[in-house]
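Tertiary structure, described
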2 protein chains.
Amino acid sequence: MSDEQAHAPNRLERRKQRTRAALIRAAQTFIADGRLNAPILEITQAADIGLGSFYNHFESREELFAAAVAEVLDAQGELLDHLTAQITDPAERFVCRYRLCGRFFRRQPQESRIMLSIGPALLSSDRGLAPRAKRDILAAAEAGRFTVDDPDVALAVAGGALLGLGQLLFAQPDRDDAQTTDDVAAHVLRTLGMTGRQIHALVSRPLPDLTSIDL
Amino acid sequence: MSDEQAHAPNRLERRKQRTRAALIRAAQTFIADGRLNAPILEITQAADIGLGSFYNHFESREELFAAAVAEVLDAQGELLDHLTAQITDPAERFVCRYRLCGRFFRRQPQESRIMLSIGPALLSSDRGLAPRAKRDILAAAEAGRFTVDDPDVALAVAGGALLGLGQLLFAQPDRDDAQTTDDVAAHVLRTLGMTGRQIHALVSRPLPDLTSIDL
């Protein structure tokens, strides 16, 4: 018997994973709709599982919702890492990830609503864009590309501006998301001490092709 | 009978106003705690009024919560107008209001939690700081004090950064709120096209005395 067979989940484990995934998906819908206080019974009904099964997976609604948000942020983080894997300059990686996130708002409407619903608390999360942005900001400052006195303030400004961008794109559905994202990215780069010429070069770079990505 | 007597609310009207105010105060506590889906019964119990009375004032929980948020934003807006009434330069008024709002986060913890709970949606509100900031940005751009290509983008960046600031002050309770606020304000002024010298002058101005204000 190979190692892989030995570790293949058996039928019971697969069913448990399916139930957990159904709960997470249902929770994501509730969060996207801003229904953060929905009764557990309603969530299990939406997931089409029994109420009792819930407690095999999570101790509380809060624990489920936290897992549902973490999953969205982890998926976004992994996608960003994948799309920017070739970029070695931290400043360029920061801008590229920022410009991609702005473009995700319209392409991933449910994830976008989840992010706006969670709001500023996202900026303190150790998942998703925030920790990546902080690493890039610190590395770019060390490399002399950004001028940063207080990395936490820089992250608050950059991350807050991204939430403001998401809200603007949500409130004005006809607004060009790519152009607006690049405008916001330019504003943020200016606060990070870059000059107009450097900013223009960075926000004009071609982005990874998103059409081939299953969003 | 004087005009004032004729228009003085009678006992029934005063009781109605007290009930409405109790519902609004209870709703503000629920919003601050992030309990946006709390049952109406729980809210009326917290307000110490009967469930039936609720529907004399509001048609739904959403209507009550919207009124509760609007009241917080209107109160903040009026306080900001009062505190900045003497300032004629729109750029200076913008910065002064921004620096005051940053300082309100710690001085008004419940209102602060309400704002972070509502999150980016605040930036599209026609109450509170957002409409005042937009007016100031437009006037300052017209007066040649700010360089603004797209006022909505400028507002998204400035307002988003303020939410990021609120979250940072919440996540790091030992951080100096005045210094951090002025740092964020400086970042925002830079995105509005101001030079280092102009920024330093604006964020160093003495602020209205807040100790005399009943926050």
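Only a predicted model underlies this, so the values are computations on that prediction, with no experimental measurement involved. (Residues numbered from 1 in each chain as written. Chains lettered and ligands numbered in written order. Predicted model: local features only at pLDDT ≥ 70, side-chain atom pairs only at ≥ 80, totals over all residues. Heavy atoms only, no water.)

Observations regarding the domain arrangement of chain A
Residue and element names in this part refer to chain A. Per the domain assignment, the segments of chain A are domain 1 (3-58) and domain 2 (69-204). Averaged C-alpha coordinates put domain 1 and domain 2 at centres separated by 31 Å. Contacts between domain 1 and domain 2 engage nine residues on the former and eight residues on the latter. In total, about 660 Å² of surface goes out of reach between domain 1 and domain 2, with carbon and sulfur atoms giving 56% of it. (Domains from an automatic or database assignment. Contact = heavy atoms within 4.5 Å. Buried area = accessible area lost by both parts, 1.4 Å probe.)

Notes on the relation of the copies chain A and chain B
Aligned on chain B, chain A shows an RMSD of 0.0 Å; the corresponding rotation is 180° and the shift along the axis is 0.0 Å. Seen this way, the second copy is the image of the first under a two-fold rotation axis. A share of 100% of interface residues in chain A that are also interface residues in chain B marks the association as one of identical surfaces. (Least-squares fit on C-alpha atoms with pLDDT ≥ 70 in both.)

Considerations on a positive patch on the surface
A contiguous patch of positive charge on the surface is contributed by A:Arg11, A:Arg14, A:Arg15 and A:Arg18. Structurally, the position occupied by A:Arg14 is in helix H2 (residues 11-32). (Patch = residues over 30% accessible without salt bridge, like charges linked within 9 Å, V, L, I, M, F, W, Y side chains within 5 Å. Areas by Shrake-Rupley, 256 points an atom, 1.4 Å probe, with all protein chains shown as cover. Salt bridge = Lys/Arg side-chain N within 4 Å of Asp/Glu carboxyl O. Lys, Arg positive; Asp, Glu negative; His and termini not counted. Charge placed at Lys NZ, Arg CZ, Asp CG, Glu CD. Helix = DSSP H or I, 4+ residues; strand = E, 2+ residues; numbered from the N terminus.)

Re the UniProt feature "DNA-binding region" (unreviewed entry) in chain A
Taking the numbering used here, the UniProt-annotated feature "DNA-binding region" (unreviewed entry) corresponds to residues 39-58 of chain A. Taken end to end, residues 39-58 of chain A is 75% helix and 0% strand, and its two terminal C-alpha atoms sit 14 Å from one another. (UniProt positions renumbered as here; feature names shortened; annotations may be inferred.)

As for the interface of chain A and chain B
Each partner contributes to the interface: chain A provides 32 residues, whereas chain B provides 32 residues. It is A:Asn37, A:Pro120 and A:His187 in chain A that bury the most area against chain B; as a group they hold 23% of the surface buried on that side. Remark: the boundary between chain A and chain B carries four salt bridges. Among the salt bridges present, the one from B:Asp152 reaches A:Arg175, with a minimum N-O distance of 3.5 Å.

Looking at the packing of H2(A) against helix H3 (residues 40-47) of chain A
All names here are of chain A. It is at 8 Å that the axes of H2 and H3 come closest, and there the two elements cross at 115°. Crossing geometry of H2 relative to H3 is assigned as right-handed. In this structure, H2 uses Ala22, Leu23, Ala26, Ala27 and Phe30 to contact H3, whose residues at the interface are Glu42, Ile43, Thr44, Ala46 and Ala47. For the contact of H2 with H3, the residue count by class is eight nonpolar, one polar and one charged. (Axes fitted to C-alpha atoms, helices over the stretch in contact; angles between N-to-C directions. Left-handed = near helix turned anticlockwise from the far one by under 90°. Nonpolar A, V, L, I, M, F, W, Y, C, P; charged D, E, K, R; others polar.)

Thoughts on the UniProt feature "domain: HTH tetR-type" (unreviewed entry) in chain A
When the UniProt feature table is mapped onto this chain numbering, "domain: HTH tetR-type" (unreviewed entry) sits at residues 17-76 of chain A. For the annotated span residues 17-76 of chain A, helix accounts for 78% and strand for 0% of the residues, and the straight-line distance between the end C-alpha atoms is 21 Å.

What about the environment of B:Asp183?
Structurally, B:Asp183 can be placed in helix H10 (residues 177-191). Each C-alpha atom of the pair B:Asp183 and B:Leu202 lies 12 Å from the other, and the pair is 19 residues apart in sequence.

A few points about the packing of aromatic side chains
Residue and element names in this part refer to chain A. Applying the stated criterion across every chain yields a total of eight aromatic pairs over all chains. Ring geometry for Phe94 and Phe146: centres 5.6 Å apart, planes at 80°, overall edge-to-face. Taken as a pair, Phe94 in helix H6 (residues 90-107) and Phe146 in the loop between helix H8 (129-142) and helix H9 (151-171) lie far apart in primary sequence, 52 residues in all. Here Phe94 and Phe146 have matching classes, each one buried. Through a chain of ring-to-ring contacts, the aromatic side chains of Phe54, Tyr55 and Phe58 assemble into a single cluster. (Phe/Tyr/Trp six-rings, centres within 6.5 Å; stacked < 30°, edge-to-face > 60°. Buried < 20%, exposed > 50% of the residue type's maximum accessible area, 1.4 Å probe, protein only.)

A closer look at the layout of surface pockets
A volume near 1,300 Å³ is recorded for the largest pocket. Contributing to the lining of the largest pocket are 42 residues, with A:Leu36, A:Ser117, A:Ile118, B:Leu36 and B:Ser117 lying nearest its centre. Mapped by element, the contributors of at least two residues to the lining of the largest pocket are H2, helix H5 (61-83), helix H7 (109-118) and H9 of chain A together with helix H2 (11-32), helix H5 (61-83), helix H7 (109-118) and helix H9 (151-171) of chain B. If you tally residues by element for the lining of the largest pocket, the top one is H5(A), at six residues. Taken together, the residues that form the lining of the largest pocket break down as 24 nonpolar, nine polar and nine charged. (1 Å grid on protein atoms, 1.4 Å probe; cavity = no way out; pocket = protein on both sides within 12 Å on 5 of 7 lines; lining within 4 Å. Points joined across faces, edges and corners; volume = space filled by probe spheres on them.)

Details of helix H11 (residues 196-204) of chain A
Residue and element names in this part refer to chain A. Restricting attention to buried positions, one finds in H11 the residues Ile199, Leu202 and Val203. The buried residues of H11 occupy an angular sector of 90° when the element is viewed end-on, so they sit on one face. Turned more than 90 degrees from where H11 packs its buried face, Arg197 and His200 sit exposed. In this fold, the buried residues of H11 make contact with H6 and helix H10 (177-191). (Arc of directions from axis to C-beta.)

What about the side chain of A:Gln76?
Residues and elements named next belong to chain A. Tracing the chain through its elements places Gln76 in helix H5. What makes Gln76 buried here is its relative accessible area of 7%. Once you skip the residues sitting within four places of it in the chain, Gln76 turns out to touch Cys101, Phe104, Met115 and Leu129.

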